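The chain contents come next:
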Amino acid sequence: MEFPFGVSQEFRCLKRTDLVKAMADNLPTGTIRTNCQVLSVEIDPATKFPRLMLSNGSVLEAKVVIGCDGVNSAIGSMFGLHKATLSLFSTTVARGFTNYSNGHQFASEFVMMIKGQVQLGRIPLSDKLVYWFVTKPRTSQDSTIWKDPVLIRQSLIDSMKGFPEEAIDMMRNCKLSFLHLTELKYRAPWELLFNKFRKGTVTIAGDAMHATGPFVAQGGSASIEDAIVLARCLAQKMQNNTKKVEDSEINIAVAVAEEAIDQYVKERKMRNFWLSFHSFLVGKKLDTKSSIVRFIILAIMSVLFRDPDWHSRYHCGNL
Ligand SMILES: Cc1cc2nc3c(=O)[nH]c(=O)nc-3n(C[C@H](O)[C@H](O)[C@H](O)COP(=O)(O)OP(=O)(O)OC[C@H]3O[C@@H](n4cnc5c(N)ncnc54)[C@H](O)[C@@H]3O)c2cc1C
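Described in the following lines is the structure provided in the data block. (Residues numbered from 1 in each chain as written. Predicted model: local features only at pLDDT ≥ 70, side-chain atom pairs only at ≥ 80, totals over all residues. Heavy atoms only, no water.)

**Some thoughts on unusual backbone geometry**
Here's step 1: Backbone geometry at Lys 48 places phi at a positive 70 degrees, although glycine is not the residue there.
Here's step 2: With respect to the helices, strands and loops of the structure, Lys 48 is situated in the loop between strand S1 (38-43) and strand S2 (50-54).
Here's step 3: Located in the positive-phi region is Phe 197, a residue other than glycine, with phi close to 55 degrees.
Here's step 4: If you trace the backbone, Phe 197 turns up in the loop between strand S9 (180-186) and strand S10 (202-204). (Helix = DSSP H or I, 4+ residues; strand = E, 2+ residues; numbered from the N terminus.)

Okay, here's the thing in structure tokens:
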């Protein structure tokens, strides 16, 4: 994919639809099914293969299942990661795009502005389109307005007193159909440490595995890393065992897939833990009203995350 608009080293702004389209275009026709949510997954006691129960009433027998179904993952339940056990930060975030038909004047860089407990982040996608987000303390009003973009926009404008007029104009002129208000759900980072994340040939990846707040802006990147590492582990194990897999019965292929998943989980565990822990600390620092807690968090961060950009120098290896 090309990034025609110059951006500084570690920031790359991607529209989710472009990413999904790029991936979908590379799959054989007929691979993707839509409008059928996974309700649950279980291991068939007879075949030992996973069975997916779908919302259209059908059952899908699979050889391998990789659950990438996000923070509210249905497949995550198999690993004890139930939706009901997600925690909420007291911070909420709104995201949007603003189109400047005559071009905007912003430099091609990521900018953060902070006033009290409200933060605005902004990065241009092109010379006309700008992506931005606002984080602010969650209010009781948020749970009623989140479906109505006009009310979201008004509540954002109200919360942005003291910000430059250009920032408020950006909200005023945003594309309402792309305006979202999100409650930030997460799991405690240490939950990542003690989970094997494999049952038979079922595993999970992305937010399904590591639900974190967006405070270090790495959830999507970490999900792509998961995909690269998992694909590499599967490819390497299959290649090393090609002869066995071709000659023997299905059990060997299953054992090879299980080994590959274990390797993937091993490779990803600590990387995802540190990202998740960093994000957790930043989120809690924003959440807390206690200056003592804030001081403790800052002290931990100054020891563990002295370099705030440490995560952008990580290389998960090639496919
Ligand atoms: C406000 C905010 C800002 C962020 N900013 C950044 C950033 O700057 N950089 C970054 O790297 N990351 C960022 N993230 C994180 C990033 O968006 C996520 O980490 C990333 O989208 C996770 O990808 P995923 O594929 O695991 O899950 P998702 O993107 O949530 O995709 C899950 C998919 O599964 C589908 N699905 C869900 N349930 C089911 C089901 N039962 N059956 C079938 N399909 C299902 C959903 O429809 C969806 O298509 C941000 C997140 C938020 C909330």
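**Notes on the side chain of Asp 142**
Here's step 1: You can see Asp 142 is positioned in helix H2 (residues 142-145).
Here's step 2: Exposure remark for Asp 142: the relative accessible area of 4% places this residue in the buried category.
Here's step 3: Of note is the side chain of Asp 142, whose polar atom sits 2.9 Å from the backbone nitrogen of Thr 139.
Here's step 4: If sequence neighbours within four positions are ignored, Asp 142 has contacts with Thr 92, Lys 136, Pro 137 and Leu 181. (Buried < 20%, exposed > 50% of the residue type's maximum accessible area, 1.4 Å probe, protein only. Polar contact = N/O pair within 3.5 Å; in protein donor to acceptor, adjacent residues only side chain to side chain. Contact = heavy atoms within 4.5 Å.)

**Considering the site of the ligand**
Here's step 1: In the vicinity of the ligand, 18 residues are found, and the nearest of them are Arg 16, Val 38, Asp 207, Gly 219 and Gly 220.
Here's step 2: Within the contact set of the ligand, a nitrogen atom lies 3.0 Å away from a backbone nitrogen or oxygen of Ala 217.
Here's step 3: Gly 220 places a polar main-chain atom, nitrogen or oxygen, 2.9 Å from a nitrogen atom of the ligand.
Here's step 4: Burial of the ligand by the protein amounts to 64% of the accessible area it has alone, namely 1,000 Å².
Here's step 5: Only strand S5 (87-99) and helix H5 (219-240) provide two or more residues apiece to the shell around the ligand.
Here's step 6: Ranked by residues supplied to the shell around the ligand, first place goes to H5 with four residues.
Here's step 7: Broken down by class, the residue content of the shell around the ligand amounts to six nonpolar, eight polar and four charged. (Near = heavy atom within 4 Å. Areas by Shrake-Rupley, 256 points an atom, 1.4 Å probe, with all protein chains shown as cover. Nonpolar A, V, L, I, M, F, W, Y, C, P; charged D, E, K, R; others polar.)

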